Amino acid sequence: MNDSRTVYLDHAATTPMTDVAVEAMTAHLREVGNASSLHASGRRARRVVEESRETVAQALGCRPGEVVFTSGGTEADNLAVKGLYWSRRDADPRRTRILATAVEHHAVLDALAWLEEHEGAEVELLPVDDAGRLDLDALRAAVERDPASVALVTVMWANNEVGTLQPVDDVVALARPHGIPVHSDAVQALGAVPVDFAASGLDALSVTGHKVGGPVGVGALLVRREVDLTALVHGGGQERDVRSGTLDVPAIAGFAAAVELAVKQQTEHAARLAALRDDLVTVVRRAVPDAVLNGDPGGRLPGNAHLSFPGCEGDSLLMLLDARGIECSTGSACSAGVPQPSHVLLAMGRTSDEARSSLRFSLGHTSTAADVEAVGEAIAACVERARAAHA
Ligand SMILES: Cc1ncc(COP(=O)(O)O)c(C=O)c1O
């Protein structure tokens, strides 16, 4: 339980578990049974896994056999980009190019860098505009330059830092006629916008439990049945032989319950969060008139408010807010204790200083109007102190 005075505005990092997920998970914590075993306990565990798979499939618009359970979004992303790359390249050695946006999560970007360094992949990171939206003309040109050499395209559904939604439908429409598989990281999109795997035309899609009120350490890669994917983790041959390892039955049950609820409540949840988020932006701008909202003002995640505060270090501002019980994020990585400017903001054309002056407030199912009020009351004084410290 968090301190009751905590104003938690970091749902894009992780969300509190919902009651249904806690109940679904705890119902199985004391049960013994390896879902691969043939005896009755194993069969019971298998039944829970298969029912959970059906729940996830139903919620996300795919067939149960298209759900591969993983340890979360990072593993799903790695399995997608490495697994698709290996299978495509092994089928045709000319297919070595991978197209992605410059604003992908590090789970994708670093997997791509690894493929470049160790597996001869040629990775092309495509530009985005100043709102963080993929330049579709650049994608079209990259595909048409030599479609037969492209192993895959990967474009995230929604950005984890600035919340910008990507034109996934257009990406699929560009790649599909050339038979190029498309993967999308929908970790942040799930529960916030409608996500239907079959309707999307995607070949693979990553999701994770802990961003939608489920447990940490469990997620899924949805992979179209017809698509070949080379395994990343070898062993007992679980999950269509692409992801070996004894299945975590309670976590999978909790994940399925969280996904089902998140999808059921998506429309209502998004409307409530968007209204709260707009109020938050309004109160912040009233208190700090030169604060700048980053990302796409229209096509963004309902719970995301990513703002730059000129003249501040985002990290100092974050700590000043934290001292008042308000928890948010800079959204970017910290390397060896030195705050790095976000690759997302740099790709959107911001300077390093602008990038370092940013904070991400991300609202979720526990957010209330009182949280927004608390930010409104604290932000001006915190910005003033952060500016004085930075001057
Ligand atoms: C867009 C995106 N992809 C992938 C991940 C990684 O997911 P997980 O924490 O489940 O490994 C995150 C989490 O921060 C994310 O925001």
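Residues numbered from 1 in each chain as written. Predicted model: local features only at pLDDT ≥ 70, side-chain atom pairs only at ≥ 80, totals over all residues. Heavy atoms only, no water.

**Some thoughts on the site of the ligand**
Step number 1: Close to the ligand lie 13 residues, the nearest being Thr74, Asp185, Gln188, Thr208 and Lys211.
Step number 2: Aspartate 185 places a side-chain nitrogen or oxygen 2.6 Å from a nitrogen atom of the ligand.
Step number 3: Per-element tally for the shell around the ligand: the top contributor is helix α3 (residues 73-91), with three residues.
Step number 4: Per-class residue counts for the shell around the ligand are two nonpolar, eight polar and three charged. (Near = heavy atom within 4 Å. Polar contact = N/O pair within 3.5 Å; in protein donor to acceptor, adjacent residues only side chain to side chain. Helix = DSSP H or I, 4+ residues; strand = E, 2+ residues; numbered from the N terminus. Nonpolar A, V, L, I, M, F, W, Y, C, P; charged D, E, K, R; others polar.)

**Thoughts on the pairing of strand β14 (residues 358-362)**
Step number 1: Judged by how many residues are buried, β14 sits mostly within the fold: five of five residues are covered.
Step number 2: Of the two faces of β14, the one holding Ser358, Arg360 and Ser362 and the one holding Leu359 and Phe361 are both buried throughout.
Step number 3: Direction of pairing for strand β10 (residues 304-308) relative to β14: antiparallel, over a ladder of five bridges. Considered in β14, the bridge of serine 308 is made with serine 358. (Buried < 20%, exposed > 50% of the residue type's maximum accessible area, 1.4 Å probe, protein only. Pairing = 2+ DSSP bridges.)

**A word on the side chain of arginine 277**
Step number 1: Among the structural elements, arginine 277 can be located in helix α9 (residues 266-287).
Step number 2: The exposure class of arginine 277 is buried, given its relative accessible area of 8%.
Step number 3: The residues contacting arginine 277, other than those within four sequence positions of it, are Arg300, Leu301, Pro302, Gly303, Asn304, Ala305 and Leu363. (Contact = heavy atoms within 4.5 Å.)

**A look at the packing of aromatic side chains**
Step number 1: The final tally for this structure, using the stated rule, is two aromatic pairs.
Step number 2: Their ring planes at 85 degrees and their centres at 6.2 Å tell us that phenylalanine 69 and phenylalanine 255 sit as a pair that is edge-to-face. Of the two residues, phenylalanine 69 sits in strand β2 (residues 67-70) while phenylalanine 255 sits in helix α8 (residues 249-264), which places them 186 residues apart along the sequence. You'll find phenylalanine 69 and phenylalanine 255 in the same group, each marked buried.
Step number 3: Between the aromatic rings of tryptophan 86 and tryptophan 114, the centroid separation amounts to 6.4 Å while the plane-to-plane angle is 85 degrees, which identifies the pairing as edge-to-face. Of this pair, tryptophan 86 sits in helix α3 while tryptophan 114 sits in helix α4 (residues 106-119); the two residues are 28 residues apart in sequence, bridging distant segments of the chain.
Step number 4: Its relative accessible area of 34% is what places tryptophan 114 among the partly exposed residues.
Step number 5: Against the face of tryptophan 114 rests lysine 82, its NZ or CZ located 4.9 Å from the ring centre. (Phe/Tyr/Trp six-rings, centres within 6.5 Å; stacked < 30°, edge-to-face > 60°. Lys NZ or Arg CZ within 6 Å of the ring centre and 35° of its normal.)

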